[in-house]
Amino acid sequence: VMDKLLALDFTLDPTFNIYEANRDLMRARNADWHKDYTLPSLWKFYAPSRVSHGSYWFNWGTEQEVAWKENYQLWMKFVNEYKNRGGRVTAGSDAGFIYQLYGFGYIRELELLREAGFHPLEVIRAATLKGAEALGADRELGSIEVNKKADIILIRKNPLINLKYLYGTGTPELDENNEEVRAGGVDYTIKDGIIYDAKKLLADVRAMVKKAREE
């Protein structure tokens, strides 16, 4: 199968994150961002249901999670080997289902590519240049080069050290006073020459969710 896909120059976009709740439902349900960023309507859609897509949490237990953990080991090994043999692997989230929230699910996908065996630089490349190649847009996008669009993010921390710095909620660290602080989070996004204040956009979303919860 892998030989055939390589011969076709096939792109794999595994979206590991969208099924991650299958191997650890409690983790997915209690992610840091749900409280402030998940709308009540979306949270209701996530819940077990016989009619909502992906909401199949009926009697979900240890046996199901163990089976899915084994499945992930096989799946990740395949994807990593495909990359090592020259295959194109990109990053995508398929968010909006199964407790994966837009934006946050995408960063989780980067972490899961790292778990699959990708070097942090390979993870970033999957999220940038490889995605542009898959879209046939790599002459304009995907890397910082002369004559390419400078679509970039600005962040004060180094995501190659810790990909969790890319989460909008940042990640907990201890300061010099042994107090917990939130480190990271993208500061600015530049798209088509327009500078967006990422933290202000997040504040807007928090306000929207707060209002929805109060209604």
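Relevant structure appears above.
Note that the coordinates shown come from a computational prediction; the quantities given were computed from them, not determined experimentally.

I would appreciate a short explanation of the overall build of the protein chain in the present structure.
A tally of helices and strands in the protein chain yields nine helices and seven strands. Taking 215 residues into account, the globule formula puts the C-alpha radius of gyration at 17 Å, and the protein chain, at 19 Å, falls close to it. Counting only C-alpha atoms and orienting by the principal axes, one finds that the protein chain spans roughly 50 × 45 × 40 Å. Per-residue burial for the protein chain yields a buried fraction of 37% across its 215 residues.

Could you clarify how one ought to interpret helix H5 (residues 62–84) in this entry?
Since the α-helix turns once every 3.6 residues, residues separated by three or four places project in the same direction. Between its first and last C-alpha, H5 extends 33 Å over 23 residues, near the 33 Å set by a 1.5 Å rise per residue. Buried within H5 we find Glu65, Tyr72, Met76, Val79, Asn80, Tyr82 and Lys83. Turning to H5, the residues buried within the fold contact helix H1 (2–7), strand S1 (11–12), helix H2 (25–29), strand S2 (88–89), helix H6 (104–115) and helix H7 (120–127). Phi turns positive, to about 100°, at Gly86, one or two residues after H5.

Could you clarify how one ought to interpret the sheet that holds strand S6 (residues 188–191) in this entry?
Adjacent strands of a sheet pair through backbone hydrogen bonds, lying either parallel or antiparallel. Reading across the sheet, the three strands line up as S3-S6-S7 and stay open at both edges, with antiparallel pairing between neighbours. Only two strands of the sheet have a single partner each, and these edge strands are strand S3 (152–154) and strand S7 (194–197). Across the sheet, the mean angle from the axis of one strand to that of its neighbour is 20°, orientation sign disregarded.

Can you walk me through the packing of H6 against H7 in this structure?
Between two packed helices, both the angle of their axes relative to each other and the distance between the axes serve to describe the pair. Axis separation between H6 and H7 bottoms out at 9 Å; the angle between their running directions is 135°. In terms of axis orientation, H6 runs oblique to H7. Judged by the sense of rotation from one axis to the other, the crossing of H6 with H7 is right-handed. On the side of H6, the interface is formed by Tyr106, Leu110, Leu113 and Arg114, while H7 contributes Pro120, Val123, Ala126 and Ala127. A class-by-class count of the residues in the contact of H6 with H7 yields seven nonpolar, no polar and one charged.

Looking at this model, I keep getting lost on the pairing of strand S4 (residues 171–174). Mind explaining?
On a regular strand, each side chain points to the face opposite its neighbour's, so the side chains alternate between the two faces of the sheet. Where S4 meets strand S5 (residues 180–183), four bridges bridge the pair, whose relative direction is antiparallel. In the strand pairing of S5, Leu174 is matched with Glu180. Counting the residues that bridge the hairpin from S4 to S5 gives five residues, and of these Asn178 lies at a positive phi of roughly 65°.

Sorry, what's going on with unusual backbone geometry here?
For residues other than glycine, phi is negative in most cases, and the peptide bonds are mostly trans. Even without being a glycine, Asp94 presents a positive backbone phi close to 55°. The class for Asp94 is partly exposed, based on a relative accessible area of 43%. A positive phi angle, near 50°, is found at Ile98, a position not held by glycine. Tracing the chain through its elements places Ile98 in the loop between S2 and H6.

In this structure, what is going on with the nonpolar core? I would like to understand it.
Soluble globular proteins tend to bury their nonpolar side chains together. By size, the foremost hydrophobic cluster in this structure holds 38 residues, and its most contacted members are Phe16 and Leu113. Elements with a contribution of two residues or more to this core: H1, H2, helix H4 (40–46), H5, H6, H7 and helix H9 (198–214). No other element matches H6, which puts five residues into this core.

For this particular structure, what's the right way to read H6?
Compared with the 16 Å implied by 1.5 Å per residue over 12 residues, the 17 Å span of H6 between its first and last C-alpha is a close match. Most of H6 is tucked away, with nine of its 12 residues classed as buried. Within H6, burial applies to Phe104, Gly105, Ile107, Arg108, Glu109, Leu110, Glu111, Leu112 and Leu113. The positive-phi residue at the C-terminal boundary of H6 is Gly117, with phi of around 120°.

Hey, could you run me through a nonpolar patch on the surface in this one?
Residues Leu154, Tyr188 and Ile195 make up a contiguous nonpolar surface patch of roughly 280 Å² in combined accessible area. Note on placement: Ile195 falls in strand S7. With relative accessibility at 58%, the residue Ile195 sits in the exposed group.

Looking at this structure, I do not really get the environment of Arg125. What am I missing?
Structurally, the position occupied by Arg125 is in helix H7. What makes Arg125 partly exposed here is its relative accessible area of 38%. Spatially, the C-alpha atom of Arg125 lies 20 Å from that of Asp192, the residues being 67 residues apart in sequence.

Thresholds, definitions, all that
- Here, residues in each chain are numbered from 1, in the same order as that chain's written sequence.
- Only residues with pLDDT of at least 70 get local features here, since the model is predicted, and only at 80 or more are side-chain atom pairs given and counted; chain-wide, interface and lining totals rely on the full set of residues.
- Excluded from the side-chain calculations are hydrogens and water; all other atoms, namely the structure's heavy atoms, are used.
- Segments assigned H or I by DSSP are reported as helices when at least four residues long, segments assigned E as strands when at least two residues long, and all are numbered from the N terminus.
- Only the C-alpha atoms count toward the radius of gyration. The rule for a globule is 2.2 Å times the residue count to the power 0.38.
- Exposure is judged per residue with a 1.4 Å probe applied to protein chains only, and the accessible area is read against the type maximum: over 50% gives exposed, under 20% gives buried, and values in between give partly exposed.
- To estimate the expected span of a helix, subtract one from its residue number and multiply by 1.5 Å.
- In what follows, a contact means two residues having at least one pair of non-hydrogen atoms within 4.5 Å.
- Pairs of strands are assigned from DSSP output, requiring at least two bridges between the strands.
- Angles run from 0 to 180 degrees between N-to-C directions of axes, and those axes are lines fitted to C-alpha atoms, restricted for helices to the stretch in contact.
- The scheme is simple: roughly parallel for angles under 35 degrees, roughly antiparallel for over 145, roughly perpendicular for 65 to 115, oblique for anything else.
- Crossing handedness is defined as follows: a turn of the near helix away from the far one that is anticlockwise and smaller than a right angle gives a left-handed crossing, while the clockwise case is right-handed.
- Residue type decides the class: Asp, Glu, Lys and Arg count as charged, Ala, Val, Leu, Ile, Met, Phe, Trp, Tyr, Cys and Pro as nonpolar, and the leftover types, Gly among them, as polar.
- The definition of a nonpolar core used throughout is a set of buried Ala, Val, Leu, Ile, Met, Phe, Trp, Tyr and Cys residues joined through side-chain atoms within 4.5 Å.
- Two joining distances apply to patches: 9 Å for like charges and 5 Å for nonpolar side chains (Val, Leu, Ile, Met, Phe, Trp, Tyr), and every residue must have over 30% relative accessible area and no salt bridge.
- In this description, accessible areas are obtained by the Shrake-Rupley approach with a 1.4 Å probe, and a residue is regarded as covered only by the protein chains that are shown.
- Salt bridges are defined as contacts in which a side-chain nitrogen from Lys or Arg sits within 4 Å of a carboxyl oxygen from Asp or Glu.

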